[in-house]
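# A closer look at the structure
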Amino acid sequence: MTLEKKLKHAIKSNDIEIIHSVFNDIYVTYGKLVYFKIMQYIDNKLDVEELTQDVFVNFYNNILYIDIHNIKYYLVTSARNKALDYLKKKKDLLVLDDKIIFEKEDIVNSNIEYEEIIKKMKLFLNDFEIKIIIKHNINGDSFKQLAKEYKKPLNTILSIYHRALKKFKKGSEESE
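Here the structure is a predicted model, which is why all the values come from computation and not from measurement. (Residues numbered from 1 in each chain as written. Predicted model: local features only at pLDDT ≥ 70, side-chain atom pairs only at ≥ 80, totals over all residues. Heavy atoms only, no water.)

Turning next to the nonpolar core. In summary, soluble globular proteins display a tendency toward joint burial of nonpolar side chains. Formed by 48 residues in total, the largest nonpolar core has its most connected members in Ile26, Ile38, Ile42, Phe59, Ile71 and Leu75. Elements represented by at least two residues in this core include exactly α1 (3-13), α2 (16-39), α3 (45-61), α4 (71-90), α6 (112-124), α7 (127-137), α8 (143-150) and α9 (154-175). The leading source of residues in this core is α2, at eleven residues. Look past the residues within four positions of Phe59 in its chain and what remains in contact with it is Leu7, Phe23, Ile26, Ile66, Ile71, Tyr74 and Leu75. (Core = buried A, V, L, I, M, F, W, Y, C linked by side-chain atoms within 4.5 Å. Buried < 20%, exposed > 50% of the residue type's maximum accessible area, 1.4 Å probe, protein only. Helix = DSSP H or I, 4+ residues; strand = E, 2+ residues; numbered from the N terminus. Contact = heavy atoms within 4.5 Å.)

Structure (structure tokens):
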């Protein structure tokens, strides 16, 4: 059963323990992804941790009012928005005609933790797998876009992505 279905079932049951259990599963599944997404924009580890918590607290507090079709998309979008709002408040972004303008590459390349995660990924994944993960999760490229870009069937891209995530998760767990 997907997390979305589990969450809908938990909300319908109105059992706070079941809701907390599903929420914990969501946090375990997507916590590192949300952290990684925020880390693209912000260098300070404590700020990243606080904003990650804010994303999940916001998700939990608004769980009854949001559309639960894609939890991952909601959390990644929230993480990006939290990071940009944080930077905007600190005036670290260039604003032109009410549009936020910044060089994403400069932010990502200056982030030491981001580079450390890429190094860790390289221990378990090949460069192509890393590109697929980064382009999908960080840049927001759809699997269809990636299939077209790399001239590979959609199912091949999906398989590479899911296998790479499993390899990385397994390798990370074994090395800890």
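Next up on the list: the packing of aromatic side chains. Here the structure, examined in full by the defined rule, presents eight aromatic pairs. Each ring, one from Phe124 and one from Phe168, has its centre 6.2 Å from the other, and the planes form 65°; the classification is edge-to-face. Taken together, the residues Phe124 in helix α6 and Phe168 in helix α9 connect sequence positions 44 residues apart. For Phe124, a relative accessible area of 26% gives the class partly exposed. Each member of the aromatic cluster is reached from another via a ring pair, and the members are Phe23, Tyr27, Phe56, Phe59, Tyr60 and Tyr74. (Phe/Tyr/Trp six-rings, centres within 6.5 Å; stacked < 30°, edge-to-face > 60°.)

Right, let's get into the confidence of the model for the chain. Confidence in the prediction of the chain, expressed as mean pLDDT, is 80, and 85% of residues score 70 or more. Averaged pLDDT values for the elements of the chain fall to 38 in strand β1 (residues 94-96) and rise to 91 in α3. Counting interchain partners and residues more than four positions distant, the pLDDT-below-50 stretch residues 92-109 has 24 contacts. (pLDDT = per-residue confidence, 0-100.)

Relative orientation of the contacting elements α7 and α9 amounts to 100°, with a least axis distance of 9 Å. As judged from the angle between their axes, α7 and α9 are roughly perpendicular. Where α7 abuts α9, its residues Phe128, Glu129, Ile132, Ile133, His136 and Asn137 lie against Ile157, Ile160, Tyr161, Ala164, Leu165 and Lys167. In the contact of α7 with α9, the residues fall into eight nonpolar, two polar and two charged. (Axes fitted to C-alpha atoms, helices over the stretch in contact; angles between N-to-C directions. Parallel < 35°, antiparallel > 145°, perpendicular 65-115°, else oblique. Nonpolar A, V, L, I, M, F, W, Y, C, P; charged D, E, K, R; others polar.)

Following both chains from N to C, one finds α1 and α2 inclined at 160°, their axes separated by 8 Å at the closest point. The pairing of α1 with α2 is recorded here as roughly antiparallel in orientation. In this structure, the crossing between α1 and α2 has a hand that is left-handed. Counted together, Leu3, Lys6, Leu7, Ala10, Ile11 and Ser13 of α1 and Ile18, Ile19, Val22, Asp25, Ile26, Thr29 and Tyr30 of α2 form the full contact between these two elements. (Left-handed = near helix turned anticlockwise from the far one by under 90°.)

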